[in-house]
Amino acid sequence: QVQLVESGGGSVQAGGSLRLSCAASGFPFNSYCMGWFRQTPGKEREGVAGVDFDGSTMYAESVKGRFTASRDKNTLYLQMNSLKPEDTAMYYCAAGGTGSCRVTVIQFIGVQSWTWGQGTQVTVSS
């Protein structure tokens, strides 16, 4: 059984912070590339942050300098600081690729076949 369980979403005012978590089980977590994605109604899902098996990261330009992705044991994290209203979205984590594949998260290439979490809502108000 492969399982990704996300948590940490909520409502926050612009400029605030949230920390998302994605707990993984049922597969060799440390061997997989992981990613954070987000989707707003009416828009396609987009990659936010990719994390390789060794912890190397890559970020979308829209969040660079504000978001930090990391992994520790069986959990993937996304620390979100200086949040903006345009960050409002459903946030998802996913696992799939091996090796150096974080660029595929940002470009959203071949990630549709990955294992996905259920998503957690983030709402940022002005």
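It should be noted that the structure appears before, not after, this text.
In what follows, the accompanying structure is described. Since this is a predicted model, take the numbers as computed values, not measurements. (Residues numbered from 1 in each chain as written. Predicted model: local features only at pLDDT ≥ 70, side-chain atom pairs only at ≥ 80, totals over all residues. Heavy atoms only, no water.)

1. A short note on the pairing of strand 1 (residues 3-7)
Part 1 of the reasoning: Across the two faces of strand 1 the burial differs, with Leu4 and Glu6 buried and Gln3, Val5 and Ser7 not buried at all.
Part 2 of the reasoning: Of the strand pairs in this sheet, strand 1 and strand 3 (residues 18-25) are connected by five bridges, and their pairing is antiparallel. For Ser7, the partnering residue across the bridge sits in strand 3 and is Ser21. (Buried < 20%, exposed > 50% of the residue type's maximum accessible area, 1.4 Å probe, protein only. Helix = DSSP H or I, 4+ residues; strand = E, 2+ residues; numbered from the N terminus. Pairing = 2+ DSSP bridges.)

2. What to know about the sheet that holds strand 8 (residues 75-80)
Part 1 of the reasoning: Reading across the sheet, the four strands line up as 1-3-8-7 and stay open at both edges, with antiparallel pairing between neighbours. At either margin of the open sheet sits one strand with a lone partner, and together these are strand 1 and strand 7 (67-72). Each neighbouring strand pair of the sheet contributes to a mean axis angle of 15°, computed without reference to strand direction.
Part 2 of the reasoning: Here strand 3 runs beside strand 8; their pairing, made up of six bridges, is antiparallel. (Axes fitted to C-alpha atoms, helices over the stretch in contact; angles between N-to-C directions.)

3. Notes on the side chain of Arg66
Part 1 of the reasoning: Assignment of secondary structure puts Arg66 in the loop between strand 6 (57-59) and strand 7.
Part 2 of the reasoning: Judged by its relative accessible area of 10%, Arg66 is buried.
Part 3 of the reasoning: Among the polar contacts made by the side chain of Arg66, one reaches the main-chain carbonyl oxygen of Ser82 at a distance of 3.0 Å.
Part 4 of the reasoning: Leaving out residues up to four positions away in the same chain, Arg66 has contacts with Gln79, Met80, Asn81, Ser82, Leu83, Lys84 and Asp87. (Polar contact = N/O pair within 3.5 Å; in protein donor to acceptor, adjacent residues only side chain to side chain. Contact = heavy atoms within 4.5 Å.)

4. Topic: the state of the cysteines
Part 1 of the reasoning: A complete count under the given rule lists two disulfides for this structure.
Part 2 of the reasoning: Here Cys22 connects covalently by a disulfide to Cys93, the sulfurs 2.0 Å from one another. What sets the handedness of the Cys22 and Cys93 disulfide is the S-S torsion sign, and at about 55° it is right-handed. Taken together, the positions of Cys22 in strand 3 and Cys93 in strand 9 (residues 89-98) put the pair 71 residues apart, joining distant regions of the chain.
Part 3 of the reasoning: The class for Cys22 is buried, based on a relative accessible area of 0%.
Part 4 of the reasoning: Here Cys33 pairs with Cys101 through a disulfide, and the sulfurs are 2.5 Å apart. Here the residue Cys33 occupies a position in strand 4 (residues 32-39), and Cys101 occupies one in the loop between strand 9 and helix 1 (102-107), the gap between them amounting to 68 residues. For the pair Cys33 and Cys101, a shared accessibility class is recorded, and that class is buried.
Part 5 of the reasoning: For the protein, the bonded cysteines pair up as 1-3, 2-4 when numbered in the order they occur along the sequence. (Disulfide = S-S within 2.5 Å.)

5. Side note on the nonpolar core
Part 1 of the reasoning: Counting 28 residues, the largest nonpolar core has Trp36, Leu78, Met80 and Tyr91 as its most contacted members.
Part 2 of the reasoning: At the level of elements, strand 3, strand 4, strand 5 (46-51), strand 7, strand 8, strand 9 and strand 11 (120-125) are the ones that each hand at least two residues to this core.
Part 3 of the reasoning: Core analysis: the next-biggest nonpolar cluster, separate from the first, contains seven residues, Cys33, Val105, Val111 and Trp114 among them. (Core = buried A, V, L, I, M, F, W, Y, C linked by side-chain atoms within 4.5 Å.)

6. Here's the deal with the pairing of strand 4
Part 1 of the reasoning: When you tally the buried positions in strand 4, you get six out of eight residues, the bulk of the element.
Part 2 of the reasoning: Examined bridge by bridge, strand 4 and strand 5 share five bridges and lie antiparallel to one another. Opposite Phe37, over in strand 5, you have Gly47 as the bridge partner.
Part 3 of the reasoning: In textbook terms, the turn of a hairpin is the stretch between consecutive antiparallel strands, and for strand 4 and strand 5 this stretch comprises six residues, one of which, Gly42, has a positive phi near 90°.

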